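Commentary on secondary and tertiary structure
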Amino acid sequence: MGEYAMRQAQRKTAELMDEYGLTASAQTRCLDLISEVGELAKEVLKATDYGNLQEPVQNSRLEQELGDCAFSLLALAEAMGLDAEAALESALGKYRARWRSRGEIGSGR
């Protein structure tokens, strides 16, 4: 993703929500994101024959559900007054530092 691309995506998301009056609380946006991630997980399960295939069989539902997750995440960032791109940059820095210090990016065991 190019520099500022996520900010542009967040701005486009905010504009669409404003245009259609899609206001919601941060709590509602968070629950919506969780719901969308669940729908994506269901499509991944189906596309991998419930884990029997290493690589998912590509289909339009995967992309649609991923898009819904992205929209919901950016809508949540807007509802909370957060800059999603800055949050991502911070997370990437954290993961890089963990890799350099421990050879893994997980938060610990």
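About the thresholds
- Residues numbered from 1 in each chain as written.
- Predicted model: local features only at pLDDT ≥ 70, side-chain atom pairs only at ≥ 80, totals over all residues.
- Heavy atoms only, no water.
- Helix = DSSP H or I, 4+ residues; strand = E, 2+ residues; numbered from the N terminus.
- Rg over C-alpha atoms; globule rule 2.2 N^0.38 Å.
- Buried < 20%, exposed > 50% of the residue type's maximum accessible area, 1.4 Å probe, protein only.
- Contact = heavy atoms within 4.5 Å.
- Salt bridge = Lys/Arg side-chain N within 4 Å of Asp/Glu carboxyl O.

**A short note on the overall build of the protein**
- Scanning the protein from terminus to terminus reveals 4 helices and 0 strands.
- Taken from the N to the C terminus, the helices and strands of the protein come in the order α-α-α-α.
- Relative to the 2.2 N^0.38 estimate, which gives 13 Å for 109 residues, the radius of gyration of the protein is 16 Å and therefore markedly larger than a compact globule would have.
- Reported as C-alpha extents along the three principal axes, the dimensions of the protein are approximately 40 × 35 × 30 Å.
- Classification of the 109 residues of the protein by burial places 22% in the buried group.
- Partitioning the intrachain contacts of the protein with sequence separation of at least 6 by distance along the chain shows that 63% fall at a separation of at least 24.

**Remarks on the pattern of salt bridges**
- All told, the structure shown has 7 salt bridges when counted by the stated rule.
- Its salt-bridge partner being Glu85, residue Arg7 comes within 3.8 Å of it at the nearest N-O pair. In this pair, Arg7 sits in helix H1 (residues 5-20) while Glu85 sits in helix H4 (residues 84-102), placing the two residues 78 residues apart along the sequence.
- The residue Glu104 makes a salt bridge to Arg102 at a minimum N-O spacing of 4.0 Å.

**Comments concerning unusual backbone geometry**
- You will see that Asp49, though not glycine, has its phi angle at about 50 degrees, which is positive.
- Topologically, Asp49 is positioned in the loop between helix H2 (26-47) and helix H3 (60-80).
- One non-glycine residue, Tyr50, adopts positive backbone phi at about 55 degrees.
- Checked against the element boundaries, Tyr50 lands in the loop between H2 and H3.
- The exposure class assigned to Tyr50 is exposed, which follows from its relative accessible area of 54%.

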